[in-house]
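Observations on the model geometry
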Amino acid sequence: MSHKRIPKRKAAIAVGGVVALGAAAILLPSANASQDGAPDDAAAAPRTLKAGDASDLAAWLAGTLGDAYAGAWYDGEDKRLVVNVVRGEGDMALKVRSAGAEVREVDNSMAELQAGAGTLKSEATIPGTSWAVDPRTNKILVTADSTVTGDKWDRLESTVESLGSGMATLKKSEGTFRTFVSGGDAIFAGGARCSLGFNVTAGDGSPAFLTAGHCAAAGDAWSDQQGGEPIATVDQALFPGDGDFALVRHDDPATEAPSEVNVGGQTVPIVQAAEATVGQQVFRMGSTTGLADGQVLGLDATVNYPEGTVTGLIQTDVCAEPGDSGGSLFTQDGLAIGLTSGGSGDCTVGGETFFQPVTTALEAVGATLGDGGGAAAGDQADGQDAGAEQDGAGGDQGVQEQSDMGSDRHSGLTRTH
């Protein structure tokens, strides 16, 4: 179902870029206390951070450390950011500690890992395979689904081995990589069912929503009921290639499109788009399986679907099934993270699942999250930093309150594993 369009025609990604620097700038002065006379060990202690603030700090450190930066991940249990620094870069490691993150010295630089991914792309672009950098192992995680056998498996295995034992790991998935479209809220077109991701405002101010780009192959006109009258029309779509996303405009310009996710009888307000962080807990909502949760495993993932290769995705262990495509990936405190693309397995046995980052989709289609009435970039950064000091007092409490209402995964943000 290849379906690739050049966009016809600002976005939370632009805001997110400012937030990444703004929040880090707010975090750093107090973290650099030792320069003002505080004991060195006080500056060396990793800060307690919310996942969104950890993502912002990681982005700032990536730009600051240059070639010494080798990835980062979020330790959700201790609420700390762990940053990989190439071994022997003592001065850069000190900068990380001063910024309030934990340092881990590693052998593989980000440039070396990216070069390895480039080799996989040129030598082993085989349908049913994927790869992404895993900062927790400082290696490239290469996955092959059940269709990769015989000569294809031998080719993939030899390519991975050529990278060296310390550069990549290869694992086999029992399922089959596929997009999760079937024949958030369900949307229908041409006999296919997908899920609405996030409501947005198009560049001209009209109401619209984001979903998966491969869903657009089913047709341009979409309905909110099976066999119902169309309510929205595909405006821009990309799949396969550098993403899997579509902007779908409501036909009625007076349509109300609140910035929230329906999790089954309740709604989670979505406050802004944000970049994913490895180790971050995330929730997925889809029209087939409802609410599920898990962790981010890798970023900038490449997935070789039968329809073609898609790059720049988020890899997670959150389950999904056909019909969940396009559904929303978000955090408990209302950050929009991704749109369900595809993967393997199901919500009985689990599997690997991949998501289109919301930030890059918004930038590409020229849309803003929700009704476009959110705070300016600086205000969002200030608010996000202030939330870090509360450290879960708001977001975690919200999860607990919904959990108390019942254990059914469709009734609230309950942890499923």
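Residues numbered from 1 in each chain as written. Predicted model: local features only at pLDDT ≥ 70, side-chain atom pairs only at ≥ 80, totals over all residues. Heavy atoms only, no water.

So, on to the sheet that holds strand E10 (residues 198-201). Across the sheet, six strands lie side by side as E12-E13-E14-E11-E10-E24; this open sheet has antiparallel pairing. Single-partner strands in this sheet number two, and they are strand E12 (221-222) and strand E24 (368-369). Pairing of E10 with E24 involves two bridges; the strand directions are antiparallel. Looking at E24, one finds that Val200 is bridged to Leu369. (Pairing = 2+ DSSP bridges. Helix = DSSP H or I, 4+ residues; strand = E, 2+ residues; numbered from the N terminus.)

Attention now moves to the confidence of the model for the protein chain. Across the protein chain, the average pLDDT comes to 82, with 77% of residues at 70 or higher. Contacts from residues 1-42, a stretch scored under 50 in pLDDT, to residues over four places away or in other chains number 93 contacts. Note on residues 372-412: pLDDT under 50 across the span, and 68 contacts to partners over four residues away in sequence or across chains. (pLDDT = per-residue confidence, 0-100. Contact = heavy atoms within 4.5 Å.)

Let us now look at the environment of Asp324. Considering the arrangement of structural elements, one finds Asp324 in the loop between strand E20 (308-316) and strand E21 (328-330). Residue class for Asp324 comes out buried when judged on its relative accessible area of 0%. Sequence separation of Asp324 and Thr289 is 35 residues, and the distance between their C-alpha atoms is 7.1 Å. Not counting the four nearest positions on each side in its chain, Asp324 is found in contact with Phe180, Ser195, Arg284, Gly286, Ser287, Thr288, Thr289 and Thr340. A distance of 2.9 Å separates a polar atom in the side chain of Asp324 from the backbone nitrogen of Glu321. (Buried < 20%, exposed > 50% of the residue type's maximum accessible area, 1.4 Å probe, protein only. Polar contact = N/O pair within 3.5 Å; in protein donor to acceptor, adjacent residues only side chain to side chain.)

The next thing to look at is the packing of aromatic side chains. Per the counting criterion, the structure on display carries three aromatic pairs. An angle of 90° between the planes, with centres 5.6 Å apart, marks the rings of Phe177 and Phe354 as edge-to-face. The pair formed by Phe177 and Phe354 is uniform in burial state, with each residue classed as buried. Taking 6.1 Å as the distance between ring centres and 45° as the angle between the ring planes, the aromatic pair formed by Phe239 and Tyr305 counts as tilted. With Phe239 in the loop between strand E13 (232-238) and strand E14 (245-250) and Tyr305 in strand E19 (residues 290-305), this pair connects stretches of sequence that are 66 residues apart. (Phe/Tyr/Trp six-rings, centres within 6.5 Å; stacked < 30°, edge-to-face > 60°.)

A few words now on the pairing of strand E6 (residues 168-172). Two elements, strand E5 (residues 139-144) and E6, share five bridges in a ladder whose sense is parallel. Paired with Ala144 across the two strands is Lys172, which belongs to E6. A crossover links E5 with its parallel partner E6, the connecting element being helix H6 (residues 150-162), and its sense is right-handed. (Right-handed = clockwise from strand over helix to strand, strands pointing away.)

This next bit is on the layout of surface pockets. One number sums up the size of the largest pocket: a volume of about 1100 Å³. For the largest pocket, the lining is made up of 45 residues, of which Gln114, Glu275, Ala276, Leu299 and Asp300 are closest to its centre. Considering every element that reaches the lining of the largest pocket, the biggest residue donor is helix H3 (residues 51-65), with six residues. Class assignment of the residues belonging to the lining of the largest pocket gives a composition of 24 nonpolar, 16 polar and five charged. (1 Å grid on protein atoms, 1.4 Å probe; cavity = no way out; pocket = protein on both sides within 12 Å on 5 of 7 lines; lining within 4 Å. Points joined across faces, edges and corners; volume = space filled by probe spheres on them. Nonpolar A, V, L, I, M, F, W, Y, C, P; charged D, E, K, R; others polar.)

Mapping Thr211 onto the fold places it in strand E11 (residues 207-211). For Thr211, the side chain forms a polar contact with the main-chain oxygen of Ser195, separated by 2.8 Å.

This paragraph deals with the state of the cysteines. Following the criterion strictly, the structure yields two disulfides and no others. Disulfide pairing is shown between Cys319 and Cys347; the S-S distance is 2.0 Å. Across the disulfide from Cys319 to Cys347, rotation about the S-S bond amounts to roughly 90°, and the bridge is consequently right-handed. Of this pair, Cys319 sits in the loop between E20 and E21 while Cys347 sits in the loop between strand E22 (335-343) and strand E23 (353-357), and the two are 28 residues apart along the sequence. In this pair, the class of Cys319 matches that of Cys347, namely buried. When the cysteines of the protein chain that form disulfides are numbered from the N-terminus onward, they connect as 1-2, 3-4. (Disulfide = S-S within 2.5 Å.)

Each neighbour pair has its own omega, and for Phe239 with Pro240 the value is -10°, a cis peptide bond. In this fold, Pro240 is placed in the loop between E13 and E14. Its identity is not glycine, yet Asn138 carries a phi of approximately 60°, on the positive side. Its place among the elements puts Asn138 in the loop between strand E4 (129-134) and E5. At Asp300, a residue that is not glycine, the phi angle is positive and equals roughly 50°. Position of Asp300 relative to the elements: it lies in strand E19. On the basis of relative accessibility, which here comes to 57%, the residue Asp300 falls in the exposed class.

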